[in-house]
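Commentary on secondary and tertiary structure
So you can see what is in the structure, the chains are spelled out below.
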Amino acid sequence: MRLTLAQREALWALVFLAVPLAFFLYFRILPAFQALWLSLYEWHADPSQRRFVGLEHYARLLEDPLLRRALWNTLLYTLLGVPGQIALGLIIALLLQRAPFGRDLFRAIYFAPYVTPAVAVAWVWSWMLSPHFGLVNELLALLGIPPQPFLQSPSQALPTVTWVVVWQNLGFQVVLFLAGLESIPRQYYEAARIDGAEGWRLFRHITWPLLNPVLVFSVVIGTIGYLQLFTQVVNLNFTDQGGPLNSTLTLALYIYQLAFLRFQLGYAAAVTVLLFALILLITLVQLRLLTRRVEL
Amino acid sequence: MKKALALLFLPLSLALAQNVTITYWQYEFRSKVEAINELIRRFEAQNPGIKVVHQTFPYDAFQQKVAAAIPAGQGPDVVNLYYGWAPTWVKAGYLVPLPDDWIQRLDRDFVAMAQAAKVGGKLYGVPTAVRSLALFYNKDLFRQAGIANPPKTWEEFIAIGQKLTVKQGGRFAQIGYGIAPDGQDHHLVREVLVRQFGSKPYSDDGKRVLYQNEAGLKALSFYTDWVRKHEIGVPGFFPGNNGYRDGFIAGRIAMIVDGSFAIGTIQQGARFNFGVAELPLERAGGRKANFGSFWMHGLTPLATGPKREAALKFLAFITSEETQRYWLEKVGELPASKNLIRDPKLSLHPVYGPFVLSLAYAKATPFVDEAAQRKVMVDAINRVLLQGMDPAQSLRIAAEEEQRILDQFWR
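Residues numbered from 1 in each chain as written. Chains lettered and ligands numbered in written order. Predicted model: local features only at pLDDT ≥ 70, side-chain atom pairs only at ≥ 80, totals over all residues. Heavy atoms only, no water.

As for the overall build of chain B
Along its length, chain B carries 18 helices and 15 strands. A globule of 411 residues ought to have a C-alpha radius of gyration of about 22 Å, and chain B, at 23 Å, matches this closely. Across chain B, the fraction of contacts at a sequence separation of at least 24, relative to all contacts at a separation of at least 6, is 74%. Looking at chain B as shown, the accessible area adds up to about 17200 Å², and 51% of this sits on carbon and sulfur atoms. (Helix = DSSP H or I, 4+ residues; strand = E, 2+ residues; numbered from the N terminus. Rg over C-alpha atoms; globule rule 2.2 N^0.38 Å. Contact = heavy atoms within 4.5 Å. Areas by Shrake-Rupley, 256 points an atom, 1.4 Å probe, with all protein chains shown as cover.)

Here it is, written out as C-alpha cells:
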C-alpha cells in the first residue's frame, strides 16, 4: 500500500500524539477513575481490607454540614473572584494600553504577584491585614474608618481571602487582556470614528465583542481556579485552616483535611467526585453560554 | 530477580548475620533529627546486623506522605506520630499493635498519660519524651510594672494581665495574655479549666463527652471573659502560625500558656528575661490540672518477619531510659519514664521544673480524630469571641458535635 505524503505526515503526527496521550491517560484519566472506585470503599492501608460500602459515602455527602459550608463558600469565592478579577483586569489593561510610556514596567509590576509563591503572598498579606499592626488598617484610619478585623472575622474573612487571590491573579489577567486588545485591528476603530462613534460605543461595539475569546478563556480558567482554591486559604489562617468558624473552608481544603488529616480517603474521594462533576458542569454551561456570542 | 535471590538466601543470611534494613520516619525538626541520627549510630554499633534508614518530611506534609507511602509498601517500619493521631491511623490500618509484654512495660515504667497510646486495649506506640503546659512570662515587663511574682491564681493572672495590656484607640499595642484558641488554649479550656472547676471533660473510657455541665460552662465563660470582660488580650494579635508565641518572643505579650516543646524556640528568640511557672489555680490550694501530650514511635504493617524483630529492638532502644536522658539534654523534651521525672535536679530546674511538676497531674485528651476534635473546641471558643454567642449555647453545640465524632469512631 502506498501512502501519499500528506497521509504519511498525518500518520506520523498521530504516532507522536499518541505518546503524550498515553501519558495523559495514565497519569490524569486513570487516577480520576481510581478516585471514583475508591469512593465506593471504606479506606484501609491494606487493599485486601478495604470494605465495599457502595454509595454510603454519597449518602453522607447529603447530610454533612461541613460539606455544605465548603460548597457554599467555594461558590461564593467563584462568584466574587471571577467577575472581580476580570473587571479589574480589563480596566487596568485598557488604561495600560492608553499609557504613553512605561507600559512594560507597569506590566512587570502587575505580573510580579502572579509569579510569587502563594505561601509568601499569604504571609505578607496576613501581616498587612492585621487589625493591630497592619498597613491596611493604618490607611483606613487616615480615612477615619475604625480598624477592621478582616481575616479574624467570620463575615469578613471570605471576601478578604478572595481579594488576596484576585490581587495575585490580576497580573495574569492584565497580560491576557492586553494581548487580546493588541490583536484587535486598528482599522475597525478608525472606520467607526469616521462614522462618528466615540468612547463607550467604540468599547461596546468593537472592543467587547472582539475580546470575547479572551473573555471566555478567562472566565473558564478563572472559575476552575476558584473552584479548586486551596493554597491561599491554608496559609492565611494556618493553625485554624478554613477558619475562623469554617468561614473560609473550600472544597479542595476539605478534601485535603479528610484525606490526609483524618485518613478518610474513601469519603474524600467521594467529595472529589462531587468537585469534578461540579467543575465539569459549570465549565460546559459556561462554554455554551459564552461562546455563542462570538461573531466573526 | 533481586527478590527471588533474597528469598533464596534468606535462611542463609538469617543464620549468618541477620542483615536487616528498617526505615524510621519523623517530621523535620532540627534537634530531633540530629538526636535520632546520633541514636541510630549508637544502635547500629550495638546491633551489627541491623541498618536503620532515617527519613524526615516537613511537618505539614508528614501525614500526607505516610497516607500515601504505606499502602504503596514503601513507607516506614517505625514511625513517629502524635498520640492524638493514633486512633485515626489504627482505624485506617497504618499501625499494628505491639506485643503484650510492651503493655506491661508501659504500665510499669511510663508516666500515666502514656496510657493514651492504647486504642481499644491494645498498645500502638511508646514515647521517648512527654510534654505539659505552663505559663511563660516576661520577667522584664513584670519588673517594669512592679510585679514580683508570676500569678498563683487566675484572679492574680487577670489583674497582672490588665496591668500589662496597652491599648491605643481601638488597637492593642501590647497585651497581657496571648489568647490563642487554636494554639494551646483549646487544651487549656478542655483539660485544665474544666478539671480545676471540679469536673472532667470525658468519661473514663473516653467514649462520652462530659464537659457540658456547670464546670464546663464556667470554664468556657471564664476563659472567654478574658477577652470580652477583662480585655487582657485579643485573639490573632500577632498574625501567622503560632502568633501568640511570636508575640511573646517579640516582647509584645506579657504571658502565654505554651508546651514544654516551645522552650527551645523561646530561649533562642527572646531578648529578655523570661520565667516559667505552673499554671495558675482557681484559688490558692485549689485543684491542679494540666494537659499532657507526647509523640510516640509506632510500628507499621510494613514491619514484618525479621524487620519486625529489628524494628522492636530499635523501638526498645529509642524509648530506653538512657535515650530519654540523652533526649532531654539534646532536644530539651521531658523524659517519659516515671523514674527519671522524680529526679530532683529536674523538678527544681527553673525552666523544666514547672513542666516536670505538672506531669504528675497532667492528663492527655483521649482523641479519636484529633483534627476534628480540636476544631470542635476552637470553634466553641470562637463562636463566643467572634460572634458573641452565649457560652452555654456554644458549649451545647460543641458537646453534641464532639459526641457525634466519638460515637462514629466507637460504633
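Notes on the layout of surface pockets
By volume, the second largest pocket amounts to about 1300 Å³. Along its surface, the second largest pocket is lined by 34 residues, and Arg28, Pro31, Ala32, Ala35 and Thr272 of chain A are the ones closest to its centre. Every element with two or more residues in the lining of the second largest pocket is listed here: α1 (5–38), α12 (251–261) and α13 (265–291) of chain A together with α3 (59–69) of chain B. With 12 residues, the single largest contributor to the lining of the second largest pocket is α1 of chain A. Residues belonging to the lining of the second largest pocket are distributed by class as follows: 28 nonpolar, four polar and two charged. (1 Å grid on protein atoms, 1.4 Å probe; cavity = no way out; pocket = protein on both sides within 12 Å on 5 of 7 lines; lining within 4 Å. Points joined across faces, edges and corners; volume = space filled by probe spheres on them. Nonpolar A, V, L, I, M, F, W, Y, C, P; charged D, E, K, R; others polar.)

Observations regarding the sheet that holds strand β10 (residues 253–259) of chain B
Sheet strands pair by backbone hydrogen bonding; their relative direction is either parallel or antiparallel. All names here are of chain B. As summarised here, the arrangement of the five strands in space is β8-β9-β10-β7-β11, forming an open sheet in which the pairing is mixed. Two strands close off the open sheet at either side, each with one partner strand: β8 (166–168) and β11 (274–277). Averaged over all adjacent pairs, the angle separating strand axes in this sheet is 30°, with direction ignored. Note: strand β7 (residues 133–138) against β10, five bridges, orientation antiparallel. Looking at β10, one finds that phenylalanine 136 is bridged to isoleucine 256. (Pairing = 2+ DSSP bridges. Axes fitted to C-alpha atoms, helices over the stretch in contact; angles between N-to-C directions.)

As for a nonpolar patch on the surface
A cluster of nonpolar residues, Leu21, Phe24, Leu25, Ile29, Phe33 and Leu36 of chain A, forms a patch on the protein surface that exposes about 560 Å² of accessible area. Look at isoleucine 29 of chain A and you get partly exposed, because its relative accessible area is 32%. (Patch = residues over 30% accessible without salt bridge, like charges linked within 9 Å, V, L, I, M, F, W, Y side chains within 5 Å. Salt bridge = Lys/Arg side-chain N within 4 Å of Asp/Glu carboxyl O. Buried < 20%, exposed > 50% of the residue type's maximum accessible area, 1.4 Å probe, protein only.)

Quick look at the packing of aromatic side chains
Here the distance between the centres and the angle between the planes together describe a pair of aromatic rings. As enumerated under the stated definition, the model contains 53 aromatic pairs over all chains in all. Centroid distance tyrosine 26 of chain A to phenylalanine 27 of chain A: 5.2 Å. Interplanar angle 90°. Geometry classified as edge-to-face. Judged by its relative accessible area of 53%, tyrosine 26 of chain A falls in the exposed class. With a centroid separation of 4.8 Å and 40° between ring planes, the pair formed by tryptophan 37 of chain A and tyrosine 41 of chain A is classed as tilted. The ring of tyrosine 267 of chain A is capped by arginine 60 of chain A, whose NZ or CZ atom sits 3.7 Å from the centre of that ring. Taking the ring centre of phenylalanine 197 of chain B as reference, the NZ or CZ of lysine 218 of chain B above it sits at 4.4 Å. (Phe/Tyr/Trp six-rings, centres within 6.5 Å; stacked < 30°, edge-to-face > 60°. Lys NZ or Arg CZ within 6 Å of the ring centre and 35° of its normal.)

Quick word on the nonpolar core
Considering soluble globular proteins, one finds that nonpolar side chains tend to be buried as a cluster. Residues Trp89, Tyr94, Tyr211 and Trp226 of chain B are the most contacted members of the largest nonpolar core, which totals 212 residues. Among the elements that line this core, the one with the most residues is helix α7 (residues 157–182) of chain A, at 11 residues. With residues near it in sequence (within four places) discarded, tryptophan 226 of chain B still touches Trp154, Phe157, Ile158, Tyr177, Ile179, Leu188, Glu231, Ile232 and Gly233 of chain B. (Core = buried A, V, L, I, M, F, W, Y, C linked by side-chain atoms within 4.5 Å.)

Considerations on the confidence of the model for chain B
All names here are of chain B. With 96% of its residues at a pLDDT of 70 or more, chain B has an overall mean of 93. The lowest-confidence element of chain B is helix α1 (residues 2–16), averaging 49 in pLDDT; the highest-confidence one is β7, averaging 98. For residues 10–16, every residue scores under 50 in pLDDT, and the model assigns this stretch three contacts once sequence neighbours within four places are set aside. What the predictor reports for the complex is a pTM of 0.91 with an ipTM of 0.90. (pLDDT = per-residue confidence, 0-100.)

Overview of the pattern of salt bridges
Residue and element names in this part refer to chain B. Per the counting criterion, the structure on display carries 24 salt bridges over all chains. Between arginine 41 and glutamate 38 there is a salt bridge whose closest N-O contact spans 3.0 Å. Residue arginine 41 and its partner glutamate 38 are located together in helix α2 (residues 30–46), separated by three residues, close to a single helical turn. Take glutamate 38: its relative accessible area is 22%, and that puts it in the partly exposed class.

So, the interface of chain B and chain A
Each side of the interface is counted separately: chain B has 38 residues, and chain A has 30 residues. Between chain B and chain A, a total of about 3200 Å² is buried, with carbon and sulfur atoms accounting for 58% of that surface. One salt bridge connects arginine 262 of chain A with aspartate 369 of chain B, and the closest N-O pair in it is separated by 2.8 Å. Taken together, the connections running from chain B to chain A amount to 11 residue pairs in polar contact (both at pLDDT 80 or more). When contributions to the side of chain B that touches chain A are tallied by element, the ones reaching two or more residues are α3, α4 (86–91), β9 (171–177) and α17 (370–387) of chain B. The element contributing the most residues to the side of chain B that touches chain A is α17 of chain B, with 10 residues. A per-class count over the side of chain B that touches chain A returns 17 nonpolar, 11 polar and 10 charged. (Buried area = accessible area lost by both parts, 1.4 Å probe. Polar contact = N/O pair within 3.5 Å; in protein donor to acceptor, adjacent residues only side chain to side chain.)

Some points on empty space enclosed by the protein
Following the criterion strictly, the structure yields two cavities of 30 Å³ or more and no others. Looking at the largest cavity, the residues that line it are Tyr24, Gln26, Lys32, Asn80, Thr128, Ala129, Trp295, His297, Trp327 and Glu333 of chain B. Elements with a minimum of two residues in the lining of the largest cavity: β1 (20–27), β6 (126–131) and β13 (293–299) of chain B. Here the residues of the lining of the largest cavity are counted per class, giving four nonpolar, four polar and two charged. Taken together, Leu151, Val161, Val233, Leu236, Asn237, Gly243 and Thr248 of chain A make up the full set of residues lining the second largest cavity.

Focus on the pairing of β10 of chain B
Residue and element names in this part refer to chain B. With respect to burial, β10 is a largely interior element, seven of its seven residues being buried. Where β9 and β10 come together, two bridges link them in parallel fashion. Each residue of the ladder has a partner; that of tyrosine 177, found in β10, is methionine 255.

What to know about helix α3 (residues 65–98) of chain A
Compared with the 50 Å implied by 1.5 Å per residue over 34 residues, the 50 Å span of α3 of chain A between its first and last C-alpha is a close match. The backbone nitrogen of leucine 66 of chain A has a side-chain oxygen 2.9 Å away, supplied by the residue at the start of α3 of chain A, namely aspartate 64 of chain A. (Expected span 1.5 Å × (residues − 1).)

Here we look at the sheet that holds β1 of chain B
Residue and element names in this part refer to chain B. Read across the open sheet, the six strands follow the order β2-β1-β3-β13-β6-β14; overall the sheet is mixed. On the outer flanks of this sheet lie β2 (50–57) and β14 (334–335), each paired with one strand and no other. Note that β1 and strand β3 (residues 78–82) share two bridges and pair parallel. Residue tryptophan 25 lies in a different strand from β3, and its bridge partner there is valine 79.

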